[in-house]
Amino acid sequence: MKSFRLALLLVGCVGCSSTRKPDSPPPDAAGESCGDTTCKPPEQCIDVHGRHPGPPSKECWIPCAAHPCPAGMVCEMIYDGPGKVCVEPNPE
């Protein structure tokens, strides 16, 4: 379900990045509780508003506005979503 919402977020907005979010850790991993999953450090639970009506969804992302991204990831702005976060580059 989360992947479906993310796909709608990325497909439904103009100027959005074509990169993809890193896979979420399994629910039993140590870390911050986030909706129906658990964020694995350095991920943080972020309220994602997007364009869908209703309350924001909670998703695990690595914010990069103030800190560098882990190796193999890039910092990109995802509009109508979590903002500046680390993502895996989309191979082209």
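Please refer to the structure placed before this passage.
Treat the numbers as computed from the prediction; the structure is a model and nothing was measured.

Colleague: Honestly, the environment of Val87 in this entry has me stumped. Any pointers?
Modeller: Relative to the helices and strands, Val87 resides in strand 6 (residues 83-87). Here Val87 falls in the buried class, since its relative accessible area comes to 0%. Separated by 14 residues in the primary sequence, Val87 and Met73 place their C-alpha atoms 5.3 Å from one another.

Colleague: Is there a simple way to explain the pattern of salt bridges in this structure?
Modeller: Pairing of side chains with opposite charge becomes possible as their charged atoms draw close. Throughout the structure, instances matching the rule amount to one salt bridge. Taking the shortest distance from any N to any O, the salt bridge between Asp47 and Lys58 comes out at 2.9 Å. With Asp47 in strand 3 (residues 44-48) and Lys58 in strand 4 (residues 57-61), the pair connects residues that are eleven residues apart, well separated along the chain.

Colleague: Looking at this model, I keep getting lost on the nonpolar core. Mind explaining?
Modeller: One broad rule of soluble globular proteins: the nonpolar side chains tend to lie buried together. Counting six residues, the largest nonpolar core consists of Ile46, Val48, Trp61, Ile78, Val85 and Val87. Among the elements of the structure, strand 3 and strand 6 are those that each provide at least two residues to this core. Each residue touching Val85, except ones within four places of it in the same chain, is listed here: Ile46, Trp61, Ile62, Pro63, Cys64, Val74, Cys75, Glu76 and Ile78.

Colleague: Even after reading the chapter, I still don't get the environment of Pro82, so can you show me in this structure?
Modeller: Looking at the secondary structure, you find Pro82 in the loop between strand 5 (74-78) and strand 6. Placed 34 residues apart in sequence, Pro82 and Val48 show a C-alpha to C-alpha distance of 5.2 Å.

Colleague: Mind showing me how you'd approach the state of the cysteines here?
Modeller: Cysteine pairs can be covalently joined through their sulfur atoms, and such a bond is termed a disulfide. Counted by the stated rule, this structure contains four disulfides. Here Cys39 is linked by a disulfide to Cys60, with a sulfur-sulfur distance of 2.1 Å. Negative torsions about the S-S bond denote left-handed disulfides, and the value of about -90° found for Cys39 with Cys60 makes this one left-handed. One end of the pair, Cys39, is in strand 2 (residues 37-39); the other, Cys60, is in strand 4, with 21 residues separating them in the sequence. Judged by its relative accessible area of 1%, Cys39 falls in the buried class. Its relative accessible area of 0% is what places Cys60 among the buried residues. Two residues, Cys64 and Cys75, share a disulfide whose sulfurs are 1.9 Å apart. Here Cys64 and Cys75 share a disulfide; its torsion about the S-S bond, 75°, makes the bridge right-handed. Of this pair, Cys64 sits in the loop between strand 4 and strand 5 while Cys75 sits in strand 5, and the two are eleven residues apart along the sequence.

What counts and how
- Residues numbered from 1 in each chain as written.
- Predicted model: local features only at pLDDT ≥ 70, side-chain atom pairs only at ≥ 80, totals over all residues.
- Heavy atoms only, no water.
- Helix = DSSP H or I, 4+ residues; strand = E, 2+ residues; numbered from the N terminus.
- Buried < 20%, exposed > 50% of the residue type's maximum accessible area, 1.4 Å probe, protein only.
- Salt bridge = Lys/Arg side-chain N within 4 Å of Asp/Glu carboxyl O.
- Core = buried A, V, L, I, M, F, W, Y, C linked by side-chain atoms within 4.5 Å.
- Contact = heavy atoms within 4.5 Å.
- Disulfide = S-S within 2.5 Å.

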